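# Secondary and tertiary structure notes
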Amino acid sequence: MGRALITGASAGLGLEFAWQLAAGGHDLVLVARDAERLEHHAAQLRAAGGVDVEVLPADLADRAQVERVAERLRDDVAPVGLLVNNAGFGLRQRFVGGDLAAEERALDVMVRAVLVLSHAAAGAMADRGRGAICNVASVAALTASGTYAAHKAWVRTFTETLAAQLAGSGVTATALCPGYTHTEFHERAGLRMSWLPEVGFLDAERVVAAGLRDVSRGVVISTPSLRYKAASAALRVLPRSLVRRIDHRRPPRGA
């Protein structure tokens, strides 16, 4: 994979991706809004992993800043061999009556940025005949739990389409679909998760390790843990009317 570019790299799964890839000897490009936090993590990663770490601050809701990241992915001088589209956030609101500007920002970060950056990476990687794209989706993609689920459903389907179009090019595409995971995600979104028992949570280290294994094998849909594989299988066969009723009774959430 060589060098990896990770969005949402300042916390959560993105930061865990950075640590595991650095441990494997991969140079990194870290993308997030918080430049100070990125520089802090970059210094730690350089010291611990002995790898080169670039910091590329960018707000992925801003089209001009997304294009700067896309240009970095097209760079052949220090090529990126793995793109991890991880940036995202939860919204503590329902769509009807909610803040439309917040919904548009979420759509830009979790859908449009994934589209633009995947396009840039896929083109550059296909020209070189090697590379991988990992788009972080969610088991929520199979639910009807608000626009977050809709965004992740798009990411999952888009990644399947991308994988099919890249077949034979030497480039792979993987949708990582974890369930609820212990990160800062829910706290940052102001979502209270006390209703979910501990057994429902995954460990970020294991999620990323499973995802990277599947990326290396060219797996298209990666769902860490047997329990979430089972949950995903159930969600695919349950009547959608039942899925909608189940999700209607839960608070807005992300996974």
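Presented here is a report on the structure given in the accompanying data block. As the structure is a computational prediction, the values presented were derived from the model and not from experiment. (Residues numbered from 1 in each chain as written. Predicted model: local features only at pLDDT ≥ 70, side-chain atom pairs only at ≥ 80, totals over all residues. Heavy atoms only, no water.)

In terms of regular secondary structure, the chain is built from nine helices and nine strands. Relative to its 255 residues, the chain shows a buried fraction of 50%. (Helix = DSSP H or I, 4+ residues; strand = E, 2+ residues; numbered from the N terminus. Buried < 20%, exposed > 50% of the residue type's maximum accessible area, 1.4 Å probe, protein only.)

A few words on the nonpolar core. Counting residues in each nonpolar core, the largest one holds 37 residues, and the members touching the most others are L5, V31, L60, V69, L73 and L83. Those elements that place two or more of their residues in this core are β2 (27-32), α3 (63-74), β4 (80-85), α4 (100-128), α5 (146-166) and β6 (171-176). Of all the elements, α4 adds the most residues to this core, at twelve residues. In this view, V69 contacts L5, V31, L56, A58, L60 and L117; residues no more than four positions away in its chain are not counted. A22, V84, L202 and L235 belong to the second largest nonpolar core, which has 34 residues in total. (Core = buried A, V, L, I, M, F, W, Y, C linked by side-chain atoms within 4.5 Å. Contact = heavy atoms within 4.5 Å.)

For the structure shown, the criterion picks out nine salt bridges. With a closest N to O distance of 2.8 Å, E54 and R72 form a salt bridge. Taken together, the residues E54 in strand β3 (residues 53-57) and R72 in helix α3 connect sequence positions 18 residues apart. The class of R72 is buried, set by a relative accessible area of 11%. One salt bridge connects R72 with D75, and the closest N-O pair in it is separated by 3.6 Å. (Salt bridge = Lys/Arg side-chain N within 4 Å of Asp/Glu carboxyl O.)

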